[in-house]
Amino acid sequence: MIKYILWDIDGTLLDFSLAEARSIEASFEEFGLGKPSEELLENYRQINKSYWQRLERGELEKIQVLEGRFYDLFDLYKLDSSLVPDFNKSYQENLGRVAAFSPYGLEVVKDLKGKYIQLAATNGTIVAQKGKLKRSGLDQLLDGIFISDLVGFEKPDPRFFQAILDEFPQSKLEEYIIVGDSLTSDIQLSKNCGFKNIFYNPKGLDLAESQVDYNISDLRQVKEIIEKINGQE
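Cut-off values and rules
Residues numbered from 1 in each chain as written. Predicted model: local features only at pLDDT ≥ 70, side-chain atom pairs only at ≥ 80, totals over all residues. Heavy atoms only, no water. Pairing = 2+ DSSP bridges. Helix = DSSP H or I, 4+ residues; strand = E, 2+ residues; numbered from the N terminus. Axes fitted to C-alpha atoms, helices over the stretch in contact; angles between N-to-C directions. Contact = heavy atoms within 4.5 Å. Buried < 20%, exposed > 50% of the residue type's maximum accessible area, 1.4 Å probe, protein only. Right-handed = clockwise from strand over helix to strand, strands pointing away. Phe/Tyr/Trp six-rings, centres within 6.5 Å; stacked < 30°, edge-to-face > 60°. Lys NZ or Arg CZ within 6 Å of the ring centre and 35° of its normal. Expected span 1.5 Å × (residues − 1). Polar contact = N/O pair within 3.5 Å; in protein donor to acceptor, adjacent residues only side chain to side chain.

Draft legend 1. Just the sheet that holds strand E5 (residues 196–200), in detail. Here we have six strands laid out as an open sheet, ordered E3-E2-E1-E4-E5-E6, and parallel in their pairing. The open sheet has two edge strands with one neighbour each: strand E3 (144–147) and strand E6 (214–216). The average angle at which neighbouring strand axes cross in this sheet is 20°, direction not considered. Relative to E3, strand E2 (residues 117–122) runs parallel, the two sharing four bridges. Residue pairing in the sheet places Thr-122 in a bridge with Ile-147 of E3. Those strands touched by helix H5 (residues 105–112) are strand E1 (4–7) and E2, and its axis lies near 160° from that of E1. Those strands touched by helix H9 (residues 158–167) are E1, E2, E3 and strand E4 (176–180), and its axis lies near 155° from that of E3.

What follows is the structure, given as structure tokens:
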């Protein structure tokens, strides 16, 4: 029986692409760097993705990711790299001010409230995540929040999940399921620890059959899947 739902935040419950673009635009304006082009934003996304994947593999420390991605971006566009540390702080603060839900994200969490224990499981920074969770109201809707900077470990490190088990010592492994949009973070965490996963895949990425337990394009499918697992359909 599934009793605990681990929700990834960025790119799953919340529309991270929108928040990312608005936050970079706000920080560019704050530092007098003009309006970032679509090309710059796309280049940043690719740089950012590669840095987070290196963090997940244990190749980098968190600060190397947060600032390194902007050093690369600023070098690419011949911007003043001495601004990077302060720019990153500004960006984190701006991220915390933007909270736009993915389609049906809010509705699904509200619908499942009281039926399951719903927990945030995110690799974001404390400033950004606490800000967006409060602004979105998820801090009041969810039953617990686990942020990697507070836990001390990043997904997919099993020690991230152990922190959740420590908080809910009466729970069992088979009672958990994670919903997330990252194969290397969310899905890999479930594989590393041995519990079920749902891959949120609104872009319809091609997957090998064995990569995920459940592949969805609509967050409303989460309820259907859990009810099926629990024999409630």
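Draft legend 2. Representation of the pairing of E4 within the structure. The buried count for E4 comes to five of five residues, which makes it a mostly enclosed element. Side chains of E4 alternate between two faces, with Tyr-176, Ile-178 and Gly-180 and Ile-177 and Val-179 buried alike. With four bridges joining them, E1 and E4 adopt parallel strand pairing. The residue bridging Leu-6 from the neighbouring strand is Ile-178, located in E4. As judged from the four bridges shared by E4 and E5, these two strands associate in the parallel manner. Counterpart to Ile-178 in the pairing with E5 is Asn-197. In this fold, the crossover linking E4 to E5 by way of helix H10 (residues 183–193) has right-handed handedness.

Draft legend 3. Structural detail: the environment of Met-1. Of note, Met-1 is situated in the segment before E1. Residue classification places Met-1 among the exposed residues on the basis of a relative accessible area of 54%. The spacing of Met-1 and Ile-226 is 225 residues in sequence and 8.5 Å in space, taken between C-alpha atoms. Those residues in contact with Met-1, other than ones at most four positions away along the chain, are Glu-174, Glu-175, Asn-230 and Gln-232.

Draft legend 4. A look at the packing of aromatic side chains. Considering all chains together, one arrives at 12 aromatic pairs under this definition. Summarising the aromatic geometry, the rings of Phe-31 and Phe-87 are spaced 5.6 Å apart at their centres and angled 50° between planes, so their arrangement reads as tilted. Here the residue Phe-31 occupies a position in the loop between helix H1 (16–30) and helix H2 (38–56), and Phe-87 occupies one in helix H4 (residues 84–95), the gap between them amounting to 56 residues. Here Phe-87 falls in the buried class, since its relative accessible area comes to 0%. Measuring from centroid to centroid gives 6.3 Å for Tyr-176 and Phe-195, while their planes differ by 55°, and the two rings are tilted. Taken together, the residues span a long stretch of sequence, with Tyr-176 in strand E4 and Phe-195 in the loop between H10 and E5 at a distance of 19 residues. Aromatic rings pair up to connect Phe-28, Phe-31, Tyr-44, Phe-70, Phe-74, Phe-87 and Tyr-91 into one cluster. Above the face of the Tyr-51 ring, Arg-54 is positioned so that its terminal group lies 5.2 Å from the ring centre. The lysine or arginine in question, Arg-220, covers the ring of Tyr-104, its NZ or CZ lying 3.6 Å from the ring centre.

Draft legend 5. Local environment of H1. Here H1 spans 21 Å end to end across 15 residues, near enough to the 21 Å set by a 1.5 Å rise per residue. Among the residues making up H1, those that are buried are Phe-16, Ala-19, Glu-20, Ala-21, Ser-23, Ile-24, Ser-27 and Phe-28. A side-chain oxygen of the first residue of H1 lies 3.3 Å from the backbone nitrogen of Ser-17; this N-cap is Asp-15. Immediately beyond the C-terminal end of H1, within one or two residues, lies Gly-32, with a positive phi of roughly 65°.

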